[in-house]
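Each chain, letter by letter, is given below.
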Amino acid sequence: MSGGNPLNYLTDKEGGGWFGFRGLFAIIFASAQFGLFIHWVTYTGVTLSAGMFYLTLIPFMIGIVFTGLLPGKSGITPKTFLIIAVWSLLAYSLYDWARVPMNLLIGVPFWDHWFDWGASILGSTGTLFTYENLTAGLIAHILRGWGFAMAYYLLVRRVTLFSAFVFAFFMTVLYWVVFPIFVLTDALPPWIWWYTAWQSHMAFAVGLWLAPKIFTFYKKKDQKDEAVPTTSKIFPHNATKDQGDQAVATTYHRKWKTTLYAILALQGFGLAIGFIIFGYVVGSQPPSIYPVFGYGKPPPIVIDGFSSYYWAIPSVIAGFVFSYLAHNSTRIGCANCGHINANKSLFCNQCGNSIVPKP
Amino acid sequence: MYVAIVILIFIFVYLGPYIFVYARTETWTFPRIDERDIKAIDETDPYVNPVVNLTKVYRVHDGSEANYTLDTGILNRKFLDWIGFPLVLEVKNFSLKASGIYLGKVIFHCNYMEADFPKPTGTEPWYIYQPLVDKYDNTTQNVPCYGDASLIEKNTPTSALLNWTMSGKLVGDKNDRIRTWSDFGVVKIADVRR
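Notes on the structure follow. (Residues numbered from 1 in each chain as written. Chains lettered and ligands numbered in written order. Predicted model: local features only at pLDDT ≥ 70, side-chain atom pairs only at ≥ 80, totals over all residues.)

1. Let's talk about the overall build of chain A
At step 1: Counting secondary structure elements, chain A contains 10 helices and two strands.
At step 2: Considering only contacts within chain A whose residues lie at least 6 apart along the sequence, 63% involve residues at least 24 apart. (Helix = DSSP H or I, 4+ residues; strand = E, 2+ residues; numbered from the N terminus. Contact = placed C-beta atoms within 7 Å.)

Take a look at the structure:
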């Protein structure tokens, strides 16, 4: 959190909360996904061209006009916008890189829907399998990945590895739900499909976290005093300086152990959701004799003897264990007497020694 | 120099997966589709029921006419596409021409065209789609045939020599081909008039 009132994330006086311009912009720039969503949930009744026109192009135009009309006040300006637009290029590139070995090793054809999307966008008749359809579908795919990364940077005030993983796990769950239920060819995916969706979104998370760091690294070479690892001004005590509507550096650091345990806890709870959805989808569909995916000998849909529902139990337990470890790792040991203090303590409860944590 | 290398790395990171997709499409996806399409088209078979039904005899102004039906169609339309997903080959412009010969005379002839065979649209939920794939794997229909009833009035034949030619455009994921089959053989004639 930003260190101030956590509710500032939802509303703040200057309009930069989730219920203010940040939320509005995040929705607008994630809208490429809504275009696809309406295409799927109507079982392609609404073409992707219509979905992308009404639910992507028009929102984007409104968003860009808004950006110019509302400089500064919400912390989102054309300049911050441009910066996060560049950051947003990395996440989905890593997302697609993570899927490349899954094709080479196991044969997961991760671009199969790009042909469908392209045909629906272009209104092509005849075969789906043309380079024209592939290219149109690829561009739609890129737009969605870029839009989701934009939404993340618009929503968070500070880019952290943990928040990136939370956001990417939200995307994973959305993917796990929408595709098997609404997309015919993904109706009964083998477990490798679920795994690929998970691991590629986790790579997306790494990209979300990494992009500002790379940007800052090169920015520092030009401007030693102006690092830009955050999306907008930070008011709380840990900001080094307020640069008005410009992105600024912060001295904020979370212990690496806390981050690690928190991410592992997230994986535990998130995978439990995945196993439950997996169990629901596999259990609710009529059995299939058709082995979809792979080089003709795909992995089994369910590994015999291991119901996916049961896998949710150890995942939840792991989630709680790592949550506990994450919570404990924020506690501070006194260098003088060794007493463990609450995470916001400034002085040791035992001996009164100063225990200001090192960054 | 250093900046140029960094920019090149970024371009590679950004474009790499998409270059991979196009390369794999060219070397794996399309050849795999072609291979499966051709195999599926080759494995289709014509079907002609060895029993022709005599369904009706009725008078017309200058004589009498007989109606027959012949069950015919195309088998083995189902195939697995490049990702192993079950599809049904499209059949367009299906045509059947046949004639039944008895004692050296043509007692009926069939001349039938069907623009498109039924198939799943591909937008159904899985639980609807899968049974449709199985249903349309072997698609046959009763083709109407007609003949001069005076030839069979005195003695309804129980068999005839059937000459037939069938053709249709078979369309796979990416490839299509017109296939034509011809054959002849003895068929039974079943009198199913009520």
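Having put the structure on the table, let's press on.
2. Here we look at the packing of helix H1 (residues 21–29) of chain A against helix H3 (residues 48–69) of chain A
All names here are of chain A.
At step 1: Packing of H1 against H3 leaves a shortest axis separation of 8 Å and a crossing angle of 145°. Of the two elements, H1 crosses H3, and the hand of that crossing is left-handed. Of H3, the residues touching H1 (which contributes Phe25, Ile28 and Phe29) are Pro59, Phe60, Ile62 and Gly63.
At step 2: Across the contact of H1 with H3, the residue classes break down as six nonpolar, one polar and no charged. (Axes fitted to C-alpha atoms, helices over the stretch in contact; angles between N-to-C directions. Left-handed = near helix turned anticlockwise from the far one by under 90°. Nonpolar A, V, L, I, M, F, W, Y, C, P; charged D, E, K, R; others polar.)

3. Considerations on unusual backbone geometry
At step 1: One non-glycine residue, Thr44 of chain A, adopts positive backbone phi at about 65°.
At step 2: Tracing the backbone shows Thr44 of chain A in the loop between helix H2 (31–41) and H3.
At step 3: In the Ramachandran plot, Leu103 of chain B falls in the positive-phi region, its phi being about 50° despite a non-glycine side chain.

4. Overview of the interface of chain B and chain A
At step 1: Each side of the interface is counted separately: chain B has 26 residues, and chain A has 28 residues.
At step 2: Looking at the side of chain B that touches chain A, the elements that each hand over two or more residues are helix H1 (2–42) and helix H2 (126–135) of chain B.
At step 3: Broken down by element, the residue count for the side of chain B that touches chain A peaks at 11 residues, all from H1 of chain B.
At step 4: Taken together, the residues of the side of chain B that touches chain A sort by class into 16 nonpolar, six polar and four charged.

5. Some thoughts on the pairing of strand S1 (residues 45–60) of chain B
All names here are of chain B.
At step 1: Alignment of S1 against strand S2 (residues 63–75), held across 12 bridges, turns out to be antiparallel. Residue pairing in the sheet places Arg59 in a bridge with Ser64 of S2.
At step 2: In textbook terms, the turn of a hairpin is the stretch between consecutive antiparallel strands, and for S1 and S2 this stretch comprises two residues.
At step 3: In this structure, S1 lies alongside strand S9 (residues 176–191), joined through four bridges in parallel fashion. Paired with Asn53 across the bridge in S9 is Ala190. (Pairing = 2+ DSSP bridges.)

6. A look at the pairing of strand S5 (residues 90–102) of chain B
Residues and elements named next belong to chain B.
At step 1: Direction of pairing for S5 relative to strand S8 (residues 159–171): antiparallel, over a ladder of 10 bridges. Each bridged residue has a counterpart across the sheet, and for Ile101 the counterpart in S8 is Leu161.
At step 2: Two elements, S5 and strand S6 (residues 105–116), share 10 bridges in a ladder whose sense is antiparallel. Bridge pairing links Ser99 to His109 in S6.
At step 3: Hairpin remark: S5 followed by S6, antiparallel, with two residues in the connecting loop; positive phi at Leu103, about 50°.

7. A few points about the environment of Ile273 of chain A
All names here are of chain A.
At step 1: Mapped onto the elements of the fold, Ile273 is located in helix H9 (residues 256–284).
At step 2: Using a count of 17 C-beta atoms within 10 Å as the deciding quantity, one classes Ile273 as partly exposed.
At step 3: C-alpha of Ile273 to C-alpha of Val316: the two residues are 43 residues apart in sequence and 9.0 Å apart in space. (Buried ≥ 20, exposed ≤ 12 C-beta atoms within 10 Å, placed from the backbone.)

8. Considering the nonpolar core
At step 1: Counting residues in hydrophobic clusters, the biggest one holds 82 residues, and the most contacted among them are Ala168, Phe204 and Leu208 of chain A.
At step 2: Here the element with the most residues in this core is helix H6 (residues 131–155) of chain A; it accounts for 12 residues.
At step 3: Those residues in contact with Phe204 of chain A, other than ones at most four positions away along the chain, are Ala91, Tyr92, Leu94, Tyr95, Ala168 and Met171 of chain A.
At step 4: With 20 residues, the next largest nonpolar core counts Tyr68, Ala160, Leu162 and Met166 of chain B among its residues. (Core = buried A, V, L, I, M, F, W, Y, C linked by C-beta atoms within 7 Å.)

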